[in-house]
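What follows is each chain in one-letter form.
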Amino acid sequence: MDTLKQLREELEAEYQTTKRFLEIYPDDKNDYTPHPKSMKMMHLANHIAEVFGWAGFMLNSSELDFAKSGMQPKFLTTKTELLQVLDENYKNSTEALEKASEQDLEPNWALKNDGHELASWTKYAAIRHSLSQISHHRAQLGVYYRLNDIELPGSYGPTADNPNF
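Residues numbered from 1 in each chain as written. Predicted model: local features only at pLDDT ≥ 70, side-chain atom pairs only at ≥ 80, totals over all residues. Heavy atoms only, no water.

Attention shifts here to the overall build of the protein. Scanning the protein for helices and strands turns up six helices and three strands. Mapped from its N terminus to its C terminus, the protein presents α and β elements in the order α-α-α-β-α-α-β-β-α. The globule rule puts the C-alpha radius of gyration for 165 residues at 15 Å, and the 16 Å found for the protein is close to it. Principal-axis analysis of the C-alpha atoms gives the protein an extent of 45 × 40 × 25 Å. Looking at the protein as a whole, 42% of its 165 residues qualify as buried. For the protein, the share of sequence-separated contacts (at least 6 apart) that also reach a separation of at least 24 residues comes to 71%. As presented, the protein carries roughly 9200 Å² of accessible surface, and 51% of it is formed by carbon and sulfur atoms. (Helix = DSSP H or I, 4+ residues; strand = E, 2+ residues; numbered from the N terminus. Rg over C-alpha atoms; globule rule 2.2 N^0.38 Å. Buried < 20%, exposed > 50% of the residue type's maximum accessible area, 1.4 Å probe, protein only. Contact = heavy atoms within 4.5 Å. Areas by Shrake-Rupley, 256 points an atom, 1.4 Å probe, with all protein chains shown as cover.)

Here you go:
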């Protein structure tokens, strides 16, 4: 079994689907939120684009400590910026997966906050988790689109708007 090949293929499939979703992103709805506890639409879309960089980051590090890393989300305001960040992050993760060996997937990778471990997985499991995050948050974005009468592209099959998937 070629685990890295499977991860690259899944990342590619998620990239193609996500790109279709972000290509129809409505620049005039950045602040839309369906509920006070929900993320604003641009923040959600930005997060999805950023997750595409996680595989590369995870392969080239042993942890992310939110309090100590200084990492901050980019402040994006347009569909063009979203697509650019998506493409950059996808490219970086694809390159990291191309360079990696099966053994590179075995060490642990941790998510921390000020030294407190929130979660720890093998790098393989951490990357799998990030791929699940993509589909999870893209589904949320699909709900935002539906609530704004934006036709939905298919993800894993047809939609009411795209029955010929």
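From this point, things continue past the structure.
A separate point is the nonpolar core. Counting 41 residues, the largest nonpolar core has Leu22, Phe52, Leu82, Leu97, Ile127 and Tyr145 as the members making the most contacts within it. Elements represented by at least two residues in this core include exactly helix H1 (3–23), helix H2 (41–51), helix H3 (54–59), helix H5 (79–99), strand S2 (108–113) and helix H6 (123–147). (Core = buried A, V, L, I, M, F, W, Y, C linked by side-chain atoms within 4.5 Å.)

Counted by the stated rule, this structure contains six aromatic pairs. Ring centres of Tyr15 and Phe52 lie 6.3 Å apart, and the angle between their planes is 75 degrees; this geometry places the pair in the edge-to-face category. With Tyr15 in helix H1 and Phe52 in the loop between H2 and H3, the pair connects residues that are 37 residues apart, well separated along the chain. Note on accessibility: Tyr15 and Phe52 belong to one class, buried. Seen from their ring centres, Phe21 and Tyr145 are 6.1 Å apart, and the 15 degrees between their planes marks the pair as stacked. Note that Phe21 is positioned in helix H1 and Tyr145 in helix H6, a separation of 124 residues in sequence. Ring pairs connect the aromatic residues Tyr15, Phe52 and Tyr90, which therefore count as one cluster. Its guanidinium or amino end placed over the ring of Phe21, Arg138 lies 5.9 Å from that ring's centre, counting from NZ or CZ. (Phe/Tyr/Trp six-rings, centres within 6.5 Å; stacked < 30°, edge-to-face > 60°. Lys NZ or Arg CZ within 6 Å of the ring centre and 35° of its normal.)

Before going further, it helps to spend a moment on the sheet that holds strand S1 (residues 63–65). The sheet built from three strands is open, its strands ordered S1-S2-S3 with mixed pairing. Each end of this open sheet is capped by a strand with a single partner; those strands are S1 and strand S3 (116–122). For this sheet, the mean angle separating the axes of adjacent strands, direction not counted, is 10 degrees. Here three bridges tie S1 to S2, and the two strands are oriented parallel to one another. What sits directly across from Glu63, in S2, is Ala110. In the packing of H6 onto the sheet, contacts are made with S2 and S3, and the angle to S3 comes to roughly 100 degrees. (Pairing = 2+ DSSP bridges. Axes fitted to C-alpha atoms, helices over the stretch in contact; angles between N-to-C directions.)

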